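Here is what each chain is made of, one letter per residue.
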Amino acid sequence: MEGTVMDRRTDCQSRLLSPVKSQFASLFPGLAVALVLTAIGGCAGRQYGHLLANDDKDLVGSHAAGAATWNPLVEQSVAQLLSRCPTNVQPVAFEASDEMSLDPQSINAALASSGPATICFVGIENKSAEELGDFKDQLYEQIDSQINDGTYRAISRRVVETALRECRLRPDSLFLPANRDVFTATLGRSGSPVDYLLFATITTGTTDRNKTSQRDYLLTLEMVNVHTGDFLKESAKIRKGYSKTRAGKWWNYGPFDQADG
């Protein structure tokens, strides 16, 4: 009799716990998936960082230009411009002394530069559809460092900004010869004679089609010779596509020229 009662009690407990076990078993796969997703994606509000090696690719921005856009633009445009710019510059006129011979060799010796040309990087003008944010100062430093690699001499940014304030001039007003003369004279008195003025301009062009857009980024460098007024200009361009889905790149720029219609 006692054994029968115990069996009935065990059977009753099994029937009561069976739905609970079944529900827990159905929730377990979902719980396991949630734990895996949490481990991969991280908790909300938490951010992880890691150092990048020199050969790691730059991150491509999903909403605006970033390192993958600006770095190649700077390297290409500066290299192209400096390759066309003479490394030694002298004013177009000079006074010959009575003892100086006027043969071609003596004239060339008199015009020979005593050092590399000096470039004054005035600044970057942003005419694009995007805010540069903290990239503006970094672009300035990248261009300035690439100029001052030993082939040319660069004037300190602090000296340039101080001279502009002293002359009460804006960077774009230096295209006028009179303002340019005042500015270069101020730099000369401060011990920083200049041969070239360098201006950088960023522009963009945007093409929209449904939920996809293409933006062309153009970095233009213009170099003005303060002695002659001549100028050189070089540009570098990068095209970038923005899509709402990962398949957008293939859909718009696939093998069947879908971008044309």
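It should be noted that the structure appears before, not after, this text.
Residues numbered from 1 in each chain as written. Predicted model: local features only at pLDDT ≥ 70, side-chain atom pairs only at ≥ 80, totals over all residues. Heavy atoms only, no water.

Novice: When you look at the side chain of Thr184 in this model, what are you seeing that I'm missing?
Specialist: Tracing the backbone shows Thr184 in helix 6 (residues 177-189). Within the structure, the side chain of Thr184 is placed 3.1 Å from the backbone oxygen of Asp181, a separation counted as a polar contact. Residues contacting Thr184, with those up to four places away along its chain left out, are Val194 and Val226. (Helix = DSSP H or I, 4+ residues; strand = E, 2+ residues; numbered from the N terminus. Polar contact = N/O pair within 3.5 Å; in protein donor to acceptor, adjacent residues only side chain to side chain. Contact = heavy atoms within 4.5 Å.)

Novice: Looking at this model, I keep getting lost on the packing of helix 5 (residues 157-167) against helix 6. Mind explaining?
Specialist: Two measures define how a pair of helices packs: the angle their axes make with one another and the distance between the axes. One can describe the packing of helix 5 onto helix 6 by two numbers: an axis separation of 10 Å at closest approach and a directional angle of 125 degrees. On the basis of the axis angle, helix 5 is oblique to helix 6. Here the hand of the crossing between helix 5 and helix 6 comes out right-handed. Together, Val159, Val160, Ala163, Leu164, Glu166 and Cys167 of helix 5 and Val182, Phe183, Thr186, Leu187 and Arg189 of helix 6 make up the contact between the two elements. For the contact of helix 5 with helix 6, the per-class residue count stands at eight nonpolar, one polar and two charged. (Axes fitted to C-alpha atoms, helices over the stretch in contact; angles between N-to-C directions. Parallel < 35°, antiparallel > 145°, perpendicular 65-115°, else oblique. Left-handed = near helix turned anticlockwise from the far one by under 90°. Nonpolar A, V, L, I, M, F, W, Y, C, P; charged D, E, K, R; others polar.)

Novice: I would appreciate a short explanation of the side chain of Arg180 in the present structure.
Specialist: Tracing the chain through its elements places Arg180 in helix 6. Within the buried set, Arg180 has no salt-bridge partner at all; the shortest N-O distance to an opposite charge, 5.3 Å, is to Asp181. Among all residues touching Arg180, those that are not within four sequence positions of it are Leu174, Phe175, Leu197, Val224, Val226 and Gly229. (Buried < 20%, exposed > 50% of the residue type's maximum accessible area, 1.4 Å probe, protein only. Lys, Arg positive; Asp, Glu negative; His and termini not counted. Salt bridge = Lys/Arg side-chain N within 4 Å of Asp/Glu carboxyl O.)

Novice: When you look at the pairing of strand 4 (residues 212-225) in this model, what are you seeing that I'm missing?
Specialist: Regular strands place their side chains on alternate faces of the sheet. Among the 14 residues that make up strand 4, 12 are buried, leaving the element largely enclosed by the rest of the structure. As judged from the 14 bridges shared by strand 3 (residues 196-209) and strand 4, these two strands associate in the antiparallel manner. Within strand 4, the position partnered with Thr204 by the bridge is Tyr217. Of the strand pairs in this sheet, strand 4 and strand 5 (residues 231-242) are connected by 12 bridges, and their pairing is antiparallel. (Pairing = 2+ DSSP bridges.)

Novice: Can you help me understand the packing of aromatic side chains in this one?
Specialist: Both the distance between ring centres and the angle between the ring planes are used here to describe each pair of aromatic rings. Scanning the model with the defined rule gives three aromatic pairs in all. Ring centres of Trp70 and Tyr217 lie 5.7 Å apart, and the angle between their planes is 80 degrees; this geometry places the pair in the edge-to-face category. On the criterion of sequence distance, the pair formed by Trp70 in helix 2 (residues 67-84) and Tyr217 in strand 4 is long-range, its members being 147 residues apart. You can call Trp70 buried: its relative accessible area is 3%. Assessed through its relative accessible area of 0%, Tyr217 is described here as buried. When the ring of Phe121 is compared with that of Tyr140, the centres are 4.5 Å apart and the planes differ by 25 degrees; the resulting orientation is stacked. Taken together, the residues Phe121 in strand 1 (residues 118-126) and Tyr140 in helix 4 (residues 135-147) connect sequence positions 19 residues apart. Looking at Phe121, the relative accessible area reads 1%, which means it is buried. It is Arg157 that lies over the ring of Tyr140; its NZ or CZ is 4.1 Å from the centre. (Phe/Tyr/Trp six-rings, centres within 6.5 Å; stacked < 30°, edge-to-face > 60°. Lys NZ or Arg CZ within 6 Å of the ring centre and 35° of its normal.)

Novice: Quick question: what am I supposed to make of unusual backbone geometry here?
Specialist: Only a minority of non-glycine residues have a phi that is not negative, and only a minority of peptide bonds are not trans. Even without being glycine, Arg168 reaches a positive phi, approximately 55 degrees. Phi at Asn210 takes a positive value of approximately 55 degrees, unusual for a residue other than glycine. Tracing the backbone shows Asn210 in the loop between strand 3 and strand 4. Given the relative accessible area of 79%, Asn210 is considered exposed.

Novice: Could you clarify how one ought to interpret the layout of surface pockets in this entry?
Specialist: Using a probe with the size of a water molecule, rolled over the atoms, empty space left in the structure can be pinpointed. Approximately 720 Å³ is the volume attributed to the largest pocket. Those elements that provide at least two residues to the lining of the largest pocket are helix 2, strand 4, strand 5 and helix 7 (248-253). Element by element, the count of residues in the lining of the largest pocket is highest for strand 5, at five residues. Class assignment for the residues of the lining of the largest pocket results in five nonpolar, 10 polar and seven charged. Taken together, 13 residues make up the lining of the second largest pocket; nearest its centre are Glu125, Phe175, Phe199, Ala200 and Thr201. (1 Å grid on protein atoms, 1.4 Å probe; cavity = no way out; pocket = protein on both sides within 12 Å on 5 of 7 lines; lining within 4 Å. Points joined across faces, edges and corners; volume = space filled by probe spheres on them.)

Any link to function would need more than the numbers given here.
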